[in-house]
Amino acid sequence: MTSPPRKLAPVFSRPPAVADPAKAERARVAMGWLHTAHFLTSAPQLEHLPTLDLPEIAFVGRSNAGKSTAINTLTQQTRLAFASKTPGRTQHINLFGVGKQKVDDAVLADLPGYGYAAVPKEAKLRWQRVMGNYLMTRETLRGVVLMCDPRHGMTELDEILLDVIRPRVAEGLKFLVLLTKSDKLTRSEGAKVLSITRLQAGGGEVKLFSALKKQGVDEAAELLWRWVHPETQPASE
Ligand SMILES: Nc1nc2c(ncn2[C@@H]2O[C@H](COP(=O)(O)OP(=O)(O)OP(=O)(O)O)[C@@H](O)[C@H]2O)c(=O)[nH]1
Ligand SMILES: [Mg+2]
């Protein structure tokens, strides 16, 4: 009778994670800033959106990609943006103010998702026009967070959106792709979709994000903070 093979001790063991206090402090400041988010206004159409003289960050992506949930997670609030299992729930452009000491210094915009099959064609086309106009003409737009469900990958509509904003990205518009619901992926699936999406995004920032597991939340918060405060280090605030 042969004895079962003995388990060998791993030759290389992962070194224990070293906490970086400066990084933790930057994340703390960025999360504290986002936590101040509060509802400003809701507009059914672009022409009803007030002109606010503040840098604006838009959350865009397909219906059900997780935009509203990401806003709630980043701001550590449960019902700031209305998240739902039913795709197409966000129908208006919702604006939220962010800023310390009750002085807003930025605006977050939760946009209705696109690509939801059950929406009548006319409404779809209307929304694509509104969205295109918003992304091309909103003067205060500082950055765009494109949310993608990595199980569907970047779809044709996401790529159209990228094409729409590309000229503005060349002029300094900030841009981040968040691959949402990453808790539904294995580690290797996550790594694979990350490298494919980085190629598709043409060198822009791409991160895995999970509202459920809080993956990528600190990094995304810090990036948004930097977009709005390019001259300041979060830790020095
Ligand atoms: N497992 C998991 N589910 C998530 C995550 N983020 C969002 N969801 C779920 O995905 C569904 C859609 O989330 P929403 O945040 O409403 O999506 P949305 O992009 O705002 O959708 P629209 O407003 O329709 O465009 C909800 O059932 C959420 O609970 C996540 O990180 N992990
Ligand atoms: Mg929504």
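Residues numbered from 1 in each chain as written. Chains lettered and ligands numbered in written order. Predicted model: local features only at pLDDT ≥ 70, side-chain atom pairs only at ≥ 80, totals over all residues. Heavy atoms only, no water.

Each helix and strand in the chain was counted, giving six helices and seven strands. Overall, the chain shows an N-to-C arrangement of helices and strands of α-β-β-α-β-β-α-β-α-β-α-β-α. Looking at the chain as a whole, 43% of its 237 residues are labelled buried. Sequence-distant contacts, at least 24 apart, represent 72% of the contacts inside the chain between residues at least 6 apart. On the chain, roughly 13600 Å² of surface is accessible, and the fraction owed to carbon and sulfur atoms is 55%. (Helix = DSSP H or I, 4+ residues; strand = E, 2+ residues; numbered from the N terminus. Buried < 20%, exposed > 50% of the residue type's maximum accessible area, 1.4 Å probe, protein only. Contact = heavy atoms within 4.5 Å. Areas by Shrake-Rupley, 256 points an atom, 1.4 Å probe, with all protein chains shown as cover.)

Next up on the list: the packing of helix α3 (residues 121-137) against helix α4 (residues 156-170). With their axes 9 Å apart at the nearest point, α3 and α4 run at an angle of 25° to one another. By the angle between their directions, the pair α3 and α4 is classed as roughly parallel. In the crossing of α3 with α4, the sense of the turn from one axis to the other is right-handed. Packed against α3, whose contacting residues are Gln128, Met131, Gly132, Tyr134, Leu135, Met136 and Thr137, the element α4 presents Leu157, Leu161, Val164, Ile165 and Arg168 at the interface. Of the residues belonging to the contact of α3 with α4, the class tally is eight nonpolar, three polar and one charged. (Axes fitted to C-alpha atoms, helices over the stretch in contact; angles between N-to-C directions. Parallel < 35°, antiparallel > 145°, perpendicular 65-115°, else oblique. Left-handed = near helix turned anticlockwise from the far one by under 90°. Nonpolar A, V, L, I, M, F, W, Y, C, P; charged D, E, K, R; others polar.)

Turning to the nonpolar core, a few remarks are in order. Counting 34 residues, the largest nonpolar core has Val60, Leu111, Tyr134, Leu135, Leu146 and Val177 as the members making the most contacts within it. If you tally residues by element for this core, the top one is α3, at five residues. When neighbours within four sequence positions are excluded, valine 60 is seen to be in contact with Lys67, Leu111, Met131, Leu135, Val144, Val145, Leu146, Met147 and Leu161. Within the second largest apolar cluster, 32 residues are counted, among which are Met31, Leu224, Trp225 and Val228. (Core = buried A, V, L, I, M, F, W, Y, C linked by side-chain atoms within 4.5 Å.)

The next thing to look at is unusual backbone geometry. A positive phi angle, close to 55°, is found at lysine 181, a residue other than glycine. With respect to the secondary-structure elements, lysine 181 resides in the loop between β6 (174-179) and α5 (187-200). Since its relative accessible area comes to 23%, lysine 181 is described here as partly exposed. Notably, lysine 214 is not glycine yet its phi reads approximately 60°, a positive angle. Inspection of the secondary structure assignment puts lysine 214 in the loop between β7 (205-208) and α6 (217-228). For lysine 214, a relative accessible area of 55% translates into the label exposed.

Another point: the packing of helix α1 (residues 21-34) against α6. Contact pair α1 / α6: the axes reach a minimum separation of 8 Å and the direction vectors enclose 70°. Viewed along their axes, α1 and α6 adopt a mutual orientation that is roughly perpendicular. On the side of α1, the interface is formed by Lys23, Arg26, Ala27, Val29, Ala30, Met31, Trp33 and Leu34, while α6 contributes Val217, Asp218, Ala221, Glu222, Leu224, Trp225, Arg226 and Val228.

This next bit is on the pairing of strand β4 (residues 106-110). With five of five residues buried, β4 lies mostly within the body of the structure. Both faces of β4 are covered, namely the face carrying Ala106, Leu108 and Asp110 and the face carrying Val107 and Ala109. With four bridges connecting them, strand β2 (residues 56-61) and β4 associate as parallel partners. Bridging from a neighbouring strand, isoleucine 57 pairs with leucine 108 of β4. Relative to β4, strand β3 (residues 93-98) runs antiparallel, the two being bridged by five bridges. Following the sheet pairing, phenylalanine 96 is matched in β4 by leucine 108. (Pairing = 2+ DSSP bridges.)

With that out of the way, let us pick up the side chain of threonine 75. By the element assignment, threonine 75 lies in helix α2 (residues 67-75). Threonine 75 has contacts with Leu34, His35, Ala37, Leu80 and Leu108, leaving out every residue within four places of it along the chain.

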